[in-house]
Amino acid sequence: MRIWKFPLELTDTQQINVPLGTKILTAQIKDGEITMWGIVPLVPDCREAEPLTVEIHGTGTSDRPSEGLTYVGTVQSHAGLFVWHVFIKTEVG
């Protein structure tokens, strides 16, 4: 098993590339940045990637629908002043 980290931007929606078959585990703050971790398949060549859509919702700030999203984690920044909830899009639409 390999666990990789994936730094995220603090933006509503973004798309990142992850190795094919990656299973996302959690999101936390690392070195001041929102970061996700995932289990990457044990294959000789992990260069084949798939796009993953990530959404970040602030507490009480989002009116976007939650359908088709899988919760990854909640992170706090600026000594808890800001609270962000990280989701990955699991359905197209």
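Bear in mind the structure is a predicted one, so any value in this text is a computation, not a measurement. (Residues numbered from 1 in each chain as written. Predicted model: local features only at pLDDT ≥ 70, side-chain atom pairs only at ≥ 80, totals over all residues. Heavy atoms only, no water.)

## Here's the deal with the overall build of the chain
Along its length, the chain carries zero helices and seven strands. The secondary structure elements of the chain, listed N-terminal to C-terminal, are β-β-β-β-β-β-β. For the chain, with 93 residues in total, the buried portion stands at 35%. Look at the contacts in the chain between residues 6 or more apart in sequence, and 61% of them connect residues 24 or more apart. (Helix = DSSP H or I, 4+ residues; strand = E, 2+ residues; numbered from the N terminus. Buried < 20%, exposed > 50% of the residue type's maximum accessible area, 1.4 Å probe, protein only. Contact = heavy atoms within 4.5 Å.)

## Re the nonpolar core
If you look at the biggest cluster of nonpolar residues, it comprises 17 residues, and the most contacted ones within it are Ile16, Met36, Val54 and Val86. Looking at this core, the elements that each hand over two or more residues are strand E2 (13–19), strand E3 (23–30), strand E4 (33–40), strand E5 (49–58), strand E6 (69–77) and strand E7 (82–89). The contact partners of Ile16, leaving out residues within four places of it in the chain, are Phe6, Leu8, Met36, Glu50, Pro51, Leu52 and Val54. (Core = buried A, V, L, I, M, F, W, Y, C linked by side-chain atoms within 4.5 Å.)

## Overview of the pattern of salt bridges
One pass over the structure, following the stated rule, counts one salt bridge. A salt bridge links Asp31 to Lys30; the shortest N-O distance between them is 3.1 Å. When its relative accessible area of 30% is taken as the criterion, Lys30 is described as partly exposed. (Salt bridge = Lys/Arg side-chain N within 4 Å of Asp/Glu carboxyl O.)

## Quick notes on the environment of Leu10
Inspection of the secondary structure assignment puts Leu10 in the loop between strand E1 (2–7) and E2. A residue is classified by how much of its surface remains accessible, and Leu10, at 54% relative accessible area, is exposed. Sequence separation of Leu10 and Gly68 is 58 residues, and the distance between their C-alpha atoms is 20 Å. Leaving out residues up to four positions away in the same chain, Leu10 has contacts with Ile34, Ile56 and Trp84.

## Remarks on the sheet that holds E6
Judged by pairing direction, the sheet is antiparallel, and its four strands sit side by side in the order E2-E5-E7-E6 without closing on themselves. Single-partner strands in this sheet number two, and they are E2 and E6. Averaged over all pairs of adjacent strands, the angle between strand axes in this sheet comes to 30°, irrespective of strand direction. (Pairing = 2+ DSSP bridges. Axes fitted to C-alpha atoms, helices over the stretch in contact; angles between N-to-C directions.)

## Notes on the sheet that holds E1
Within the open sheet, the three strands sit side by side as E1-E4-E3. Their pairing is antiparallel. With partners counted over all chains shown, the strands left at the sheet margins are E1 and E3, one partner each. Pairs of neighbouring strands in the sheet enclose a mean axial angle of 25°, with direction left out of account. Examined bridge by bridge, E3 and E4 share seven bridges and lie antiparallel to one another. For Thr26, the partnering residue across the bridge sits in E4 and is Trp37.

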